[in-house]
Amino acid sequence: MKTIALHYPGHLTSFALSSSDRDQILAGVEYNSGFYEPHIMNVLTHIVKPDWVCLDIGANIGAISLAMSFLASGGGAVFAFEPSSENFQYLSMNVRQNKAGNIIPLKLGVYEENKRMAFSFIDFGGGWSHLTTEYAERGIQETVTCVKLDDWAVERGLRRLDLIKLDVEGAEVPALKGAEGIIRGFRPDLIVEFNPGAQQTIFHEDPSLLYRKLQELYPSLYIIDFNYTVVQLHSYEQLMSYFRDGREVVDLYGTYK
């Protein structure tokens, strides 16, 4: 195990972040002077209010959950979904050691139906773990419980939802299909990773399906760029132009505002 300091951009606040000493994502945070996805953290700083209820779908070891927790510390809550046994162990540890009492860790994946599913855990980088498919079975295999978010919200008695962060290594389309009710009902902001390589490799899915689903659900879409700009997204061609230089992922922001 290894523990490093995770810094919050623009704040004196930092968190203790622990994971396996094999975790290349943790090593990347250390290499980047303790910062993790600062372009996403910057957007969170500008949108999350102290009383917001947030969902971190694909929470991994909890870096984004901790940021949400800090920003929503005035009565808000963070539900952190992570299906992997090892990732969930570190997520729970990071919640405890940072005394982040408004984070509720949930050992669950998210899908378009409630079912048990095969899962591939990548031991050298837990954040790259994914649902196992006929096209991709890598790493350590386990069976995980996945939920349809619309059903989970009813069961939980959810009365408010302000933000969903979704990063599930190519399974974003089924996750969103299972959340259409709460998205249309609560109209939360959405931060989602667009990863065409994962969609194509793991699910043999056309990446345009995710773009079209986002268009159906959100009246306004934006690209969150690495240079801290937020650019309005008008077309699939515009989105795909960001991948011409070898870039692997683009983070998107959907809003009803």
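Look up: the structure comes first, before these words.
Basis of the calculations
Residues numbered from 1 in each chain as written. Predicted model: local features only at pLDDT ≥ 70, side-chain atom pairs only at ≥ 80, totals over all residues. Heavy atoms only, no water. Helix = DSSP H or I, 4+ residues; strand = E, 2+ residues; numbered from the N terminus. Rg over C-alpha atoms; globule rule 2.2 N^0.38 Å. Buried < 20%, exposed > 50% of the residue type's maximum accessible area, 1.4 Å probe, protein only. Contact = heavy atoms within 4.5 Å. Lys, Arg positive; Asp, Glu negative; His and termini not counted. Charge placed at Lys NZ, Arg CZ, Asp CG, Glu CD. Pairing = 2+ DSSP bridges. Axes fitted to C-alpha atoms, helices over the stretch in contact; angles between N-to-C directions. Arc of directions from axis to C-beta.

Peer 1: When you look at the overall build of the protein in this model, what are you seeing that I'm missing?
Peer 2: Scanning the protein from terminus to terminus reveals 10 helices and 14 strands. Taking 257 residues into account, the globule formula puts the C-alpha radius of gyration at 18 Å, and the protein, at 17 Å, falls close to it. Principal axes of the C-alpha set define a box for the protein whose edges measure 45 × 40 × 40 Å. The burial tally for the protein puts 58% of its 257 residues in the buried class. Counting only contacts in the protein whose residues sit at least 6 apart along the sequence, the fraction spanning at least 24 positions is 70%. Each charge class in the protein was averaged separately, 22 positive and 32 negative side chains, and the resulting centres sit 6 Å apart.

Peer 1: What am I meant to see in the sheet that holds strand β7 (residues 115-121) here?
Peer 2: Adjacent strands of a sheet form backbone hydrogen bonds with each other and so pair up, either parallel or antiparallel. Strand order across the open sheet formed by four strands is β6-β9-β7-β8, with mixed pairing between neighbours. Edge positions in the sheet fall to β6 (109-111) and β8 (130-131), since each of these pairs with one other strand and no more. Along the sheet face, helix α5 (residues 149-156) touches β6 and β9 (140-148) and points at about 65 degrees away from the line of β9.

Peer 1: Looking at this structure, I do not really get the sheet that holds strand β12 (residues 220-224). What am I missing?
Peer 2: Strand order in this open sheet of eight strands is β5-β4-β3-β10-β11-β14-β12-β13, and the pairing throughout is mixed. Of all strands in the sheet, those with a lone pairing partner are β5 (103-106) and β13 (230-232), marking the two edges. With strand direction ignored, the average angle separating the axes of adjacent strands in the sheet is 20 degrees. As judged from the five bridges shared by β12 and strand β14 (residues 250-255), these two strands associate in the antiparallel manner. When the bridges of β14 are listed, Ile-224 appears paired with Asp-251. Taken strand by strand, helix α2 (residues 38-47) contacts β10 (163-166), β11 (189-194), β12, β13 and β14, and its axis lies near 170 degrees from that of β11.

Peer 1: Explanation requested: helix α8 (residues 196-203) in the structure shown.
Peer 2: An α-helical turn contains 3.6 residues, so a residue and the one three or four places further along point in the same direction. When α8 is considered as a whole, its buried residues turn out to be Pro-196, Ala-198, Gln-199, Ile-202 and Phe-203. The buried residues of α8 all sit within an arc of 165 degrees when viewed along its axis, so they share a single face. Contact partners of the buried residues in α8: β8, α6 (172-177), β11 and α9 (208-217). Immediately beyond the C-terminal end of α8, within one or two residues, lies His-204, with a positive phi of roughly 50 degrees.

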